[in-house]
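Here are the chains, one letter per residue:
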Amino acid sequence: MEVPLSWQLAKLLVSIGVVLGLSVIAERVSTRVAGLLAGYPLGTAIALFFIGLEISPAFATQSAVHTLAGFTATLALGGGYLLCARRDGLPGVLAGTAGGFAAWLAVSLLLTQVEFTRLTGTLTTLVAIIVFIRLYRRVPETATGARGGFSWGALGLRAALAAGIIFLITGLAHVMPAAWAGVMAAFPVTMYPFLVILHLTHGAAPVATVIKHYPAGLGALLWYALCVSLTYDSLGLVLGTLIGFAVATAWLLAWTRLLAWRAARLAARARRGYRQ
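What counts and what doesn't
One numbering rule holds for all chains: residues counted from 1, following each sequence as written. pLDDT decides what is reported in this predicted model: residues at 70 or higher carry local features, side-chain atom pairs at 80 or more are listed and counted, and totals for whole chains, interfaces and linings draw on all residues regardless. In computing side-chain properties, one takes all heavy atoms of the structure into account and sets aside hydrogens as well as water. Only DSSP runs of H or I with at least four residues qualify as helices, and only runs of E with at least two residues qualify as strands; both kinds are numbered from the N terminus onward. Whether two residues are in contact is decided by their heavy atoms: any pair within 4.5 Å suffices. Like charges are joined within 9 Å and nonpolar side chains (Val, Leu, Ile, Met, Phe, Trp, Tyr) within 5 Å, but only among residues with over 30% relative accessible area and no salt bridge; these make up the patches. Note on areas: Shrake-Rupley, 1.4 Å probe, and residue coverage restricted to the protein chains presented here. In the sections that follow, a salt bridge refers to a side-chain nitrogen of Lys or Arg positioned within 4 Å of a carboxyl oxygen of Asp or Glu. Working rule for helices: expected span equals 1.5 Å times residues minus one. The reported bend at a residue is simply the angle between two axes, fitted to the 7 residues ending at it and to the 7 residues beginning with it. Exposure categories follow from relative accessible area, calculated using a 1.4 Å probe and restricted to protein chains: below 20% of the type maximum is buried, above 50% is exposed, and the middle band is partly exposed.

Caption draft 1: Examining the overall build of the protein chain more closely. Counting secondary structure elements, the protein chain contains 11 helices and 0 strands. Listing every helix and strand of the protein chain by position from the N terminus yields α-α-α-α-α-α-α-α-α-α-α. Considering only contacts in the protein chain between residues 6 or more positions apart, those separated by 24 or more positions represent 83%.

Structure, rendered in structure tokens:
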């Protein structure tokens, strides 16, 4: 099927807008918040929506089932990047990219051999989230600091990377089975370019902070993929997308409030212990 130019332009504009928004949040708010929002259904939503638009809602529905498990490969990419990207600057980016992509490809090859259901796909990623949260417990927290912010050149590079990844995923979906389309839709379209630019401009330490908090934000992605897998074929792409975003947003708000409550309790306990 030939994809209309208007659809391609819409895909490009949405991809660039999402990337620039996340970059501003990381620079103006914190890397912790950016790590959580990196798990918000941004790149995945774009990929699945345009897969459904360009191919069919039924194909996007099947793909979304495999996306549920595909987030495990995304976690592997983050882990591989963290292990290999110990140096600052371009050498660290290249090493982290090589390690992250190797881990993503290895896990993706395994996942595409399994016939997942919504339940087994979700459980697979939930187990992976627990494992990676435990593995990242000792990763130190580092803010981006003040280094003049992201340059327009860096933001442009990041936006171009994200848009290129989206176009690659949706293009390959036309010639690959739903299992691979779904796993590719789980690729960290917005997070990976963000890691590259953050690494180049601020070094390896804040990158580790973003990766550390990424698993906690994946709950929103899971809820989104689960919703669209249930609604795209029956309710259509637009309504299914809106429902998915509503559920994902509700989960993310509840999760952040739970984290804030837990942090307040720990702080109060620490103050009581100090007074004693």
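Caption draft 2: Local environment of a nonpolar patch on the surface. A surface patch of nonpolar side chains, about 370 Å² in accessible area, is lined by L90, L94, L157 and L200. Counting through the fold element by element, L200 comes out in helix 9 (residues 191–202).

Caption draft 3: Region of the structure containing the environment of L82. Tracing the backbone shows L82 in helix 4 (residues 57–84). Sequence-wise, L82 and A204 are 122 residues apart; in three dimensions their C-alpha atoms are separated by 8.6 Å. L82 has contacts with Y136, V139, A208 and I211, leaving out every residue within four places of it along the chain.

Caption draft 4: Just helix 10 (residues 204–235), in detail. Between its first and last C-alpha, helix 10 extends 44 Å over 32 residues, near the 46 Å set by a 1.5 Å rise per residue. Maximum bend of helix 10: about 45°, positioned at P215. With respect to burial, helix 10 is a largely interior element, 25 of its 32 residues being buried. In the stretch just after helix 10, G236 is the one whose phi turns positive, near 100°.

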